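Summary of structural features
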Amino acid sequence: MAAQPLTLELNPELAALFEQYEALTHVSAEQYVQQLVEKTQPTLAAMVAALQEAGDDEAAVMELFGRKMAESMLRQQQAQA
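Nothing here was measured: the structure is a model prediction, and the numbers come from that model.

1. Details of the overall build of the protein chain
Per the secondary structure count, the protein chain includes four helices and zero strands. Listing the helices and strands of the protein chain from first to last along the sequence gives α-α-α-α. Relative to the globule expectation of 12 Å for 81 residues, the C-alpha radius of gyration of the protein chain, 17 Å, shows a markedly less compact shape. Considered along the principal axes of its C-alpha atoms, the protein chain spans approximately 45 × 35 × 25 Å.

Below, the structure written as structure tokens:
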């Protein structure tokens, strides 16, 4: 699957912080956000799975989300071992 672009609008304060960060680290705002989003992919996947399984039951969503996050973390730890 090809990568899909995403456009974000930043408030002036945040844009200025990213400009300062890039000047110090040579990491662009785009690179920073891309890395951040990729690192949180397991969280997003767990939330989507919980919403799919629980439907409109908010309490069940949170319970399933917690379980799925724990499972994800366990798999990640096992892969690093």
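2. Concerning the nonpolar core
With eight residues, the main nonpolar core is built from Ala46, Ala50, Ala54, Ala60, Val61, Leu64, Phe65 and Met69. Listing elements by their share of this core, those giving two or more residues are α3 (41–54) and α4 (58–80). Beyond its immediate chain neighbours, meaning those up to four positions away, Phe65 contacts Thr43, Ala46, Met47 and Ala50.

3. Topic: the layout of surface pockets
If you add up the space inside the largest pocket, you get close to 650 Å³. Along its surface, the largest pocket is lined by 19 residues, and Gln4, Leu6, Val33, Gln34 and Val37 are the ones closest to its centre. With six residues, the top contributor of residues to the lining of the largest pocket is helix α2 (residues 29–39). For the lining of the largest pocket, the per-class residue count stands at 13 nonpolar, four polar and two charged.

4. Description of unusual backbone geometry
Not every positive phi belongs to a glycine, and His26 is a case in point at roughly 65°. Given the relative accessible area of 68%, His26 is considered exposed.

5. Description of the pattern of salt bridges
Pairs may arise between side chains of opposite charge once their charged atoms sit close together. Enumeration according to the criterion identifies two salt bridges in this entry. Residues Glu53 and Lys68 are paired through a salt bridge, measuring 2.7 Å at the closest nitrogen-oxygen approach. With Glu53 in helix α3 and Lys68 in helix α4, the pair connects residues that are 15 residues apart, well separated along the chain.

Procedures and definitions
- Residues numbered from 1 in each chain as written.
- Predicted model: local features only at pLDDT ≥ 70, side-chain atom pairs only at ≥ 80, totals over all residues.
- Heavy atoms only, no water.
- Helix = DSSP H or I, 4+ residues; strand = E, 2+ residues; numbered from the N terminus.
- Rg over C-alpha atoms; globule rule 2.2 N^0.38 Å.
- Core = buried A, V, L, I, M, F, W, Y, C linked by side-chain atoms within 4.5 Å.
- Buried < 20%, exposed > 50% of the residue type's maximum accessible area, 1.4 Å probe, protein only.
- Contact = heavy atoms within 4.5 Å.
- 1 Å grid on protein atoms, 1.4 Å probe; cavity = no way out; pocket = protein on both sides within 12 Å on 5 of 7 lines; lining within 4 Å.
- Points joined across faces, edges and corners; volume = space filled by probe spheres on them.
- Nonpolar A, V, L, I, M, F, W, Y, C, P; charged D, E, K, R; others polar.
- Salt bridge = Lys/Arg side-chain N within 4 Å of Asp/Glu carboxyl O.

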